[in-house]
2 protein chains.
Amino acid sequence: MHGHDALVFLLSLATLLGVARLLGELARAFGLPLVVGELSTGLLLGATGLQRLLPDVHAWLFPPGAPAEMLSGYTTVAVVLLLVVAGLEVDLEIVGRRGRSALLVAALGVVVPLFGGLALGHAVPDSVVGAPEQRGLFAVFLGVALSISALPVIAKTLLDLGLFKSDVGLLVMTVAMLDDLVGWIAFSVLLGPLRGGSVEIGVVARTVLLAAGFAALCLLPGRRLLDRLLGALEDHGELAPGRVLSLVAVLAMLGAAATQAIGVHAVLGGFIVGVAFGASPRLRERTRQTIHQFVTNVFAPVFFASVALRVDFLASFDPALCLVVFLVATAAKLVGCAGGARLVGMPWRESLAVGFGLNARGAMEIILALLAREAKLVNDGVFVALVTMAVGTSLLAGPSMKRLLYGGRGASALTGVGADDAAGLVRDGAFVPSLTANTSARAIEELGRALRPVIGDLVEPALISVLERELVAATGLGDDVAIPHAPVEGLTKPVVALGLSPGGIDFDAPDGRPARIVFLLLLPPRAYDDEVRVLAALSRSVFDEAAREALLGAASLEEAVRCLDEHGRRIAGATPAARAPNLGDL
Amino acid sequence: MHGHDALVFLLSLATLLGVARLLGELARAFGLPLVVGELSTGLLLGATGLQRLLPDVHAWLFPPGAPAEMLSGYTTVAVVLLLVVAGLEVDLEIVGRRGRSALLVAALGVVVPLFGGLALGHAVPDSVVGAPEQRGLFAVFLGVALSISALPVIAKTLLDLGLFKSDVGLLVMTVAMLDDLVGWIAFSVLLGPLRGGSVEIGVVARTVLLAAGFAALCLLPGRRLLDRLLGALEDHGELAPGRVLSLVAVLAMLGAAATQAIGVHAVLGGFIVGVAFGASPRLRERTRQTIHQFVTNVFAPVFFASVALRVDFLASFDPALCLVVFLVATAAKLVGCAGGARLVGMPWRESLAVGFGLNARGAMEIILALLAREAKLVNDGVFVALVTMAVGTSLLAGPSMKRLLYGGRGASALTGVGADDAAGLVRDGAFVPSLTANTSARAIEELGRALRPVIGDLVEPALISVLERELVAATGLGDDVAIPHAPVEGLTKPVVALGLSPGGIDFDAPDGRPARIVFLLLLPPRAYDDEVRVLAALSRSVFDEAAREALLGAASLEEAVRCLDEHGRRIAGATPAARAPNLGDL
């Protein structure tokens, strides 16, 4: 540590992190994504702002040389760990089990934007393309850039709408994961030949093979090995989280170095390692949270703040280009994903909602754009247009999904269930004031049996469906609530059993807390419409702390219904707000 | 990110972290402190090992230039955050409440080693001193270096012995905190004039004033401001931990930059900011854990691995110097601290145990030595001697405390309580099979009232003492166990009430888990001897999972006593092993 260099480095790091977090919180207060505030930090402190206004201060705080290298070391680690966190959220099990419908939507969600980007890349004037002889590569890049989705933004939006664990939500998440996986591999491969300077078919083929081999190695034998290793480590009680943390960091950096050495970008290694870890059921929620918390609050803001630090956004802002990129990106995703969802049997409104959800590009697009700019694949104008598109599509996702799924309709045409009718559903269903079960499976069984007077012999097939669904993805919502649910053949309207468990039952909720309020929800088959509404209604009925506490005191069906009814009336018309923001802050 | 630089940086980082964690675990498996393994990494991969054996590989993996700067950025952040973690463990409240006895031991524990170091600094031959004209400064530095203690090693040792929350433990921890605070300020001030090149009295005075002013500002108004700020942040539920994490990182780096600017070392800023945060009761245990986990598992190992990277330990190893430094350091601490403890009324054995505990120098000494070497205050020979001394004193602490406190004696001479007599204590005390209380205060009250047949009117004064003691430091030990305790005037032998709470009661344990087994322990006044033995006996009686589960099933006094008795016989003679290693891994 050399005195002055260390001083400048620490001060610039503290400034970037502090301002990025403040502006991030400010953005969130205005209902914008966190990353918008973090990106603005670079505008404010970098070439666009501070350098114009106070060039001396800027030159002192961000000098070239050692402090810049130190900062670049920090952001290198930051971006690798950021991709690890993104990878951790990919759940290969779910991808595997959702089968063909997700694959179809995902394929269309990649292919249509890919062609959209290719077309756009060939249509733009020469001045937009960095080097005219690279137009082919530029067009392929645009295609890839338009085809990825922002998993964290999508997860956050679904959580906000109370749909994270619904079938619509699961489909959207699965598709986003697949798109990301394909997109990142494609992009990394794209950078390979570019780095070498030549675009020979042999080099490209070699890079593609090596990258695919690396991914396959990590995700097949590597994943199984990792799972076993985690099993061995987790035996050591309190030591385990620390060891796992070190293992994640070491493997992420080794993976990053490996992909960099292959000739694709370091971030791919981080991402794949994240996916491999995320796939292991033995990675504890708490360890996941520790990584997530530290990376999103101490590393990521500095990275995003540094994105716009050296680019003059004012000078490079081309409104026409920004608009065209935004429109093509949105149109292509909507056609691909909403079309795909319609093909697998979703109603139009829900399909469009899927499209708008997957249209969010968020932080991933920004990382991609930054790397492309560093590789001189795009100029500052295209870079700014891609960043603007990433922010714009992310902003659009939440409101449009909310409007499509909740807006402008009364009770469901199919079954007459109103949006806030949790009380009615429980009245016509069953109530268990004190569950004796201590596992989620037992609780589901107990609630299912309580429904025998209502659904008779459908109890057994219903239980099987719900338990299978629970295996695909646990239904703990956090805040003490779980809603295990499934479609049941033969059912004509939604049926609910409500159970209370003062001691709590583990439903693998994102906040790690056991569920004390459990709704068992049985749905008519293929009633996507109902699913969305009823899940939202149930989730909303216990939305605030006071409502949950009141409900937990209920000793009879009448008291429970009265609680739900009173609360339902009080919040009628309100839309659900953010519940578990720690899962997807980007 | 430049391709090759980033590759080398990521690879060297991954190698340092991976090897350091592996060797750390290996060290722990052999009963050595983690830091011994981490330090050895530098020996293995640096100038002492790899550079001699495979100079080409070494030159490729650790080249000068950009990758070295990037690594140095990472280790700069690492050492600042490491000092934050050290600072977090300082509890000013406890320091305030332990009053004069701690102050006396602390003062002697600083002053005697200070003079020891001064004397040593003046006695060594010229060849040992870096620059002969700096002998005065060198001697002062040695004095400071000998006077600090390693809080984390001490905390870990006390946890291992089951004494972390005993009065002996509290005294040792308090003294270590005070010593650290004084030592770091003194050392930082020492570096100030040295950096300027001159040792003028005016410069020194100015630096001392500024550093003391900075510390006072942070610890008095700053601490109160921080407490209020944390209160405001904590209102935001799940968002809070993330915000607090960012706040800690930003303030730590700003503090580090501020102290660096004043002319004292950056680490002091990190330490003081850590102390200020640690003082706030609003900093949640979980946030503390997240910081601790990430820093000790992802940052710290790289720092410690890099310590010995550029020093050739073989060439600079001077056995005579190492031995002399070790002996003077140990003798001075023992005289100061054991003498102080004896003066405040502890028996000889316990006093010596306090001395050996505080003799551990651990990681803090190593950081100090590294910084002194970088500032050219000491040469490589003295650096190696200080590192050796740090490791040696840390290795000595645990075994010697164990032998002094537990070894070679039967039942206590004073009261006839044997070391494993938990069963007997409970038999003569009271048993509450199912506590109705849901707070620690209520549980203490309930258990206290259950002791009325045994201690009569002493119940009320006893309750007051225990509750006051609980306020000073909560007594949750982790692993479902809490042992609230206090001396009671008028009592002639230890009395225990055992209560079980299936739901658990929060006793602020280091692992965050509620206590399901609560021992209320009342002691005769000033019975340090008894305190150590009985606390260890109780803690040991529920040491393993099986014993706790069996005990939790007990419905009557007889069953509880039988459980404790059977387990006591099974583990008779065994010494307690590590319980909560996440509190002090260094």
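As the structure is a computational prediction, the values presented were derived from the model and not from experiment. (Residues numbered from 1 in each chain as written. Chains lettered and ligands numbered in written order. Predicted model: local features only at pLDDT ≥ 70, side-chain atom pairs only at ≥ 80, totals over all residues.)

**Student:** Sorry if this is basic, but what is going on with the overall build of chain A here?
**Tutor:** Of regular secondary structure, chain A possesses 25 helices and six strands. Counting the 586 residues in chain A, one finds 59% classified as buried. Long-range pairs, those at least 24 residues apart, make up 78% of the contacts in chain A between residues at least 6 apart in sequence. (Helix = DSSP H or I, 4+ residues; strand = E, 2+ residues; numbered from the N terminus. Buried ≥ 20, exposed ≤ 12 C-beta atoms within 10 Å, placed from the backbone. Contact = placed C-beta atoms within 7 Å.)

**Student:** Would you mind going over the relation of the copies chain A and chain B with me for this structure?
**Tutor:** Note that the two copies of the chain are related through a rotation about an axis and a translation along the same axis. Mapping chain A onto chain B leaves a residual RMSD of 0.1 Å; the transformation is a rotation of 180° accompanied by 0.1 Å of translation along its axis. Taken together, the rotation angle and the small translation identify this as a two-fold axis. By C-alpha distance to the rotation axis, the residue of chain A lying nearest is Met 70 of chain A, at 2.2 Å. Here 100% of the interface residues in chain A have copies in chain B that are interface residues too; the copies meet face to matching face. (Least-squares fit on C-alpha atoms with pLDDT ≥ 70 in both.)

**Student:** Looking at this structure, how should I read the packing of helix α11 (residues 240-262) of chain B against helix α13 (residues 285-307) of chain B?
**Tutor:** The angle between the axes and the distance between the axes are what describe a pair of packed helices. All names here are of chain B. At a minimum axis distance of 10 Å, the contact between α11 and α13 shows a crossing angle of 50°. In terms of orientation, α11 and α13 fall into the oblique class. For the element pair α11 and α13, the recorded crossing hand is right-handed. On α13, the residues touching Pro 241, Val 244, Leu 245 and Val 248 of α11 are Arg 286, Thr 287, Thr 290 and Ile 291. Here the contact of α11 with α13 is built from residues that sort into five nonpolar, two polar and one charged. (Axes fitted to C-alpha atoms, helices over the stretch in contact; angles between N-to-C directions. Parallel < 35°, antiparallel > 145°, perpendicular 65-115°, else oblique. Left-handed = near helix turned anticlockwise from the far one by under 90°. Nonpolar A, V, L, I, M, F, W, Y, C, P; charged D, E, K, R; others polar.)

**Student:** Where do I start with the interface of chain A and chain B in this structure?
**Tutor:** It is common to give the size of an interface as the accessible area lost on bringing the parts into contact. Opposite the 48 residues of chain A that make contact, chain B presents 48 residues. Of all the secondary-structure elements, those providing two or more residues to the side of chain A that touches chain B are α1 (3-29), α5 (66-88), α11 (240-262) and α13 (285-307) of chain A. Considered class by class, the residues forming the side of chain A that touches chain B number 29 nonpolar, 13 polar and six charged.

**Student:** Before we go on, may I ask you to explain the packing of helix α1 (residues 3-29) of chain B against helix α2 (residues 34-45) of chain B in this structure?
**Tutor:** Residues and elements named next belong to chain B. Their axes nearest at 7 Å, the elements α1 and α2 cross at an angle of 135°. As the angle between them shows, α1 and α2 are arranged oblique. In terms of crossing hand, the pair formed by α1 and α2 is right-handed. Residues Thr 15, Leu 16, Val 19, Ala 20, Leu 23, Gly 24, Glu 25, Leu 26, Ala 27 and Arg 28 of α1 form the contact with α2, whose participating residues are Leu 34, Val 36, Gly 37, Glu 38, Ser 40, Thr 41, Leu 44 and Leu 45. Partitioned by chemical class, the residues of the contact of α1 with α2 number ten nonpolar, five polar and three charged.

**Student:** Got a minute to help me understand α13 of chain B in this structure?
**Tutor:** At 3.6 residues per turn, the α-helix brings residues three or four places apart onto the same side. At Ala 300 of chain B, α13 of chain B shows its strongest bend, of approximately 45°, with the proline Pro 301 of chain B following within four residues. With 20 of 23 residues buried, α13 of chain B is to be regarded as a mostly interior element. (Bend = angle between axes of the 7 residues up to and from the residue.)

**Student:** Please explain the pairing of strand β6 (residues 515-523) of chain B as it appears in this structure.
**Tutor:** Consecutive residues of a regular strand have side chains that alternate between opposite faces of the sheet. Residues and elements named next belong to chain B. Burial of β6 is extensive: nine of the nine residues sit out of reach of the surface. Where strand β3 (residues 481-482) meets β6, two bridges bridge the pair, whose relative direction is parallel. Each residue of the ladder has a partner; that of Ala 482, found in β6, is Val 518. Summarising the sheet, strand β4 (residues 485-487) and β6 pair through three bridges and their orientation is parallel. Bridge pairing links His 485 to Leu 521 in β6. Where strand β5 (residues 495-505) and β6 come together, seven bridges link them in antiparallel fashion. Counted as the bridge partner of Val 496 is Leu 521 from β6. (Pairing = 2+ DSSP bridges.)

**Student:** Before we go on, may I ask you to explain the confidence of the model for chain A in this structure?
**Tutor:** As a note on interpretation, predicted positions should not be read in detail where pLDDT is low. All names here are of chain A. Confidence in the prediction for chain A averages 80 pLDDT; 85% of positions are at 70 or higher. The spread of mean pLDDT over the elements of chain A runs between helix α8 (residues 151-160), the lowest at 67, and helix α15 (residues 319-343), the highest at 92. Long-range and interchain partners of residues 408-420, a stretch whose pLDDT sits below 50, account for 25 contacts in this model, where long-range means more than four residues apart. Below a pLDDT of 50 lies the segment residues 572-586, which in the model reaches 46 contacts outside its immediate sequence neighbourhood of four places, other chains included. Model confidence for the complex is summarised by a pTM of 0.72, with the ipTM given as 0.71. (pLDDT = per-residue confidence, 0-100.)

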